[in-house]
Amino acid sequence: FPSKTQPSLLSEIRHFLTEDMMFGPLTFQDGLTGSELGSVSSVTELLSTWQSLPESAVAFHARECHLSKWFLARAEFSLARRFRASNYPTDFIDPEGRERADWLRNWILSETRAHRNKLASGVENVHSADASTTIVRLGKGSLGGKGRGFRFLHSIEDKYSLSTLLPELEMVVPRSFILATEVFDRFIEDNKLMVPALNATTNEEVREMFAAATLPQDVTVELRRYLEAQTSPLAVRSSSLFEDAFLQPFAGIYESIMLPNTAGSLEARLDELSWAVRMVYASAYCLEARAYSEGTGNRAEEEKMAVIMQEVVGDVHGDHFYPSLAGVANSIDFYPRPHTQPEDGCAQLRLGLGFGVVDNLPSVHLSLGDPANPTGYAEGEMQVSALNLAARPGAAAGEDSLLVSLPAESGAAA
């Protein structure tokens, strides 16, 4: 035991707290050679490093119970108890009797990620998120109406294990990158857009001033990082404070834009994404949005807009991109057939992307009380809603050429 009179007392106490009680960084070492393999100071760093540690190091730290001690020092009591209760190698032996440190590695990663996502309700700051994070946010403030909805859906997916609920059906809530409302506030303030936008007399005037504005530099940096890992078509979606509110949903008022994301360079794709974000922002001040706000007792200048970026679901078909089917489901069927009930619910389906249903193009209507007998267009007669991969979105091209309807005989419906 150290003596309180010895000169090195503070040093020994510091060593005891950081090394023995593990309040300091966790230093990894090879279980065979004893050589150091680096250290981590946060859960994010741990997940990144643990993933690439050699199995000899994974086994060594499991036998020494280092992870349970390290998590306990960080008040992560449930994880600490779970890891402490595990027994390596006994709990990680395959049918051939071999120790499986790789199983242990994957289990540790899975448990830690699930725990962290549960604590954060699936939402993580862009600087601490990793590939398992369901919602990545940039900026403070609100996620907006749609953002709150996706956060709720992710919590339901986790609570009821939707991904494995039906073995033959994969149900996935898309991952999202969200620019929170603080980014919108900074954009409006930096470019001094509030008064000119509220005084604009046409939607084109609003779009032109927003197209000429610039996003904050740090936002542009993060959008570039996002595109480095995301090369599939993107949906850039509105998520305002007023949107999806009970009894005042603002449905269809604001802009959402689909991007092919196929330009030849990262900077060109970044320009297109930046333009799309600014057009979503501009839609907060379009004439329809301002009129709807006034008609519902809200003030247009109090509106704030978050923007959600998600990967579009579908496949490439020549110069076009679309899924087999898309649609909208409702818990109440307002137009039931004679032998079905409103509470049965209903769905409207269309070939390709869902914008055709939202835009009231011909679609198949089915009651969930009698799904075997849908009404509406036959499959061979219905056009296919698709994203034009050859279109170049931006201030010059606009949005009209991005979304197209293809004839059924083009092979798209096959």
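Residues numbered from 1 in each chain as written. Predicted model: local features only at pLDDT ≥ 70, side-chain atom pairs only at ≥ 80, totals over all residues. Heavy atoms only, no water.

Participant: For helix 5 (residues 77–85), give the residues involved together with the corresponding values.
Facilitator: Listed as buried for helix 5 are L79, A80 and F83. The buried residues of helix 5 occupy an angular sector of 100° when projected down its axis, which confines them to one face. Exposed side chains of helix 5 directed beyond 90 degrees from the buried face belong to R81 and A85. (Buried < 20%, exposed > 50% of the residue type's maximum accessible area, 1.4 Å probe, protein only. Helix = DSSP H or I, 4+ residues; strand = E, 2+ residues; numbered from the N terminus. Arc of directions from axis to C-beta.)

Participant: Outline the side chain of D30, listing residues and values.
Facilitator: Residue placement: D30 occurs in the loop between strand 1 (26–29) and strand 2 (36–40). Buried and unpaired, D30 has R63 as its nearest opposite-charge partner, separated by 10 Å. Looking at D30, its side chain comes within polar contact range of the main-chain nitrogen of L32, at 2.7 Å. One polar contact links D30 to S56, side chain to side chain, over a distance of 3.1 Å. Setting aside anything within four residues of it in sequence, one finds D30 in contact with S35, L37, P54, S56 and A57. (Lys, Arg positive; Asp, Glu negative; His and termini not counted. Salt bridge = Lys/Arg side-chain N within 4 Å of Asp/Glu carboxyl O. Polar contact = N/O pair within 3.5 Å; in protein donor to acceptor, adjacent residues only side chain to side chain. Contact = heavy atoms within 4.5 Å.)

Participant: Kindly report on the sheet that holds strand 9 (residues 315–317), identifying the contributing residues and their values.
Facilitator: Taken together, four strands build an open sheet; the order of strands is 9-10-15-16 and the sheet is antiparallel. Among the strands making up the open sheet, the edge pair consists of strand 9 and strand 16 (403–406). Averaged over all adjacent pairs, the angle separating strand axes in this sheet is 45°, with direction ignored. Examined bridge by bridge, strand 9 and strand 10 (residues 320–322) share three bridges and lie antiparallel to one another. Paired with H317 across the two strands is H320, which belongs to strand 10. (Pairing = 2+ DSSP bridges. Axes fitted to C-alpha atoms, helices over the stretch in contact; angles between N-to-C directions.)

Participant: Run through the pattern of salt bridges, naming residues and quoting values.
Facilitator: Summed over all chains, the structure comprises eleven salt bridges. E96 serves as the salt-bridge partner of R98, at 3.5 Å between the closest nitrogen and oxygen. Accessibility expressed as a relative area gives 58% for E96, which makes it exposed. A salt bridge links R100 to D102; the shortest N-O distance between them is 2.7 Å. Here the salt bridges share partners, and the residues they tie into one network are D94, E96, R98, R100 and D102.

Participant: Residue-level account of unusual backbone geometry, with values.
Facilitator: Looking along the chain, the bond that leaves Y88 and enters P89 is cis, with omega of 10°. Here P89 is to be found in the loop between helix 5 and helix 6 (101–119). Unlike most non-glycine residues, M22 shows phi in positive territory, near 65°. Notably, K192 is not glycine yet its phi reads approximately 50°, a positive angle. By the element assignment, K192 lies in the loop between helix 9 (181–190) and helix 10 (194–199).

Participant: I'd love a proper account of the sheet that holds strand 12 (residues 346–351), names of residues and values included.
Facilitator: What the four strands build is an open sheet, ordered 11-12-13-14; its pairing is antiparallel. Of all the strands in the sheet, just strand 11 (325–330) and strand 14 (375–376) have a single pairing partner and so form its edges. Pairing of strand 13 (residues 364–367) with strand 14 involves two bridges; the strand directions are antiparallel. Among the inter-strand pairings, V364 is bridged to a residue of strand 14, identified as G376.

Participant: Kindly report on the nonpolar core, identifying the contributing residues and their values.
Facilitator: If you look at the biggest cluster of nonpolar residues, it comprises 61 residues, and the most contacted ones within it are F177, L179, F210, L223, V236, L273 and Y281. In contact with V236, other than residues within four places in its own chain, are S256, I257, L259, L273, A276, V277, V280, V307, I308 and M309. Residues L47, L67, Y88 and I108 belong to the second largest nonpolar core, which totals 23 residues. (Core = buried A, V, L, I, M, F, W, Y, C linked by side-chain atoms within 4.5 Å.)

Participant: Run through helix 1 (residues 9–20), naming residues and quoting values.
Facilitator: Under the 1.5 Å per step criterion, the end-to-end length of helix 1 is 15 Å for twelve residues, consistent within 8% with the ideal 16 Å. Of the residues flanking the end of helix 1, it is M22, one or two places downstream, whose phi is positive at about 65°. (Expected span 1.5 Å × (residues − 1).)

Participant: Can you explain the packing of helix 4 (residues 66–73) against helix 5? Please cite residues and give values.
Facilitator: Helix 5 packs onto helix 4 with a crossing angle of 165° between their chain directions and a minimal axis gap of 8 Å. In terms of axis orientation, helix 4 runs roughly antiparallel to helix 5. Where helix 4 crosses over helix 5, the two elements pack in a sense that is left-handed. Every residue of helix 5 that contacts helix 4 at L67, S68, F71 and L72 is listed here: F77, L79, A80, F83 and R84. Here the contact of helix 4 with helix 5 is built from residues that sort into seven nonpolar, one polar and one charged. (Parallel < 35°, antiparallel > 145°, perpendicular 65-115°, else oblique. Left-handed = near helix turned anticlockwise from the far one by under 90°. Nonpolar A, V, L, I, M, F, W, Y, C, P; charged D, E, K, R; others polar.)

Participant: Describe the packing of aromatic side chains, naming the residues involved and giving the relevant values.
Facilitator: Here the distance between the centres and the angle between the planes together describe a pair of aromatic rings. Enumeration according to the criterion identifies twelve aromatic pairs in this entry. Note on F83 and W107: the rings are 5.4 Å apart at their centroids and 75° apart in plane angle, and the pair reads as edge-to-face. You can see F83 sitting in helix 5 and its partner W107 sitting in helix 6, a full 24 residues away along the chain. Residue F83 is classed as buried on the basis of its relative accessible area, which comes to 7%. Judged by relative accessible area, which is 24%, W107 ranks as partly exposed. Arranged with centres 6.1 Å apart and planes meeting at 40°, the rings of Y88 and F92 form a pair that is tilted. Here Y88 falls in the buried class, since its relative accessible area comes to 10%. The class for F92 is buried, based on a relative accessible area of 8%. Within the aromatic cluster, the residues linked to one another by ring pairs are W70, F71, F83, Y88, F92 and W107. (Phe/Tyr/Trp six-rings, centres within 6.5 Å; stacked < 30°, edge-to-face > 60°.)

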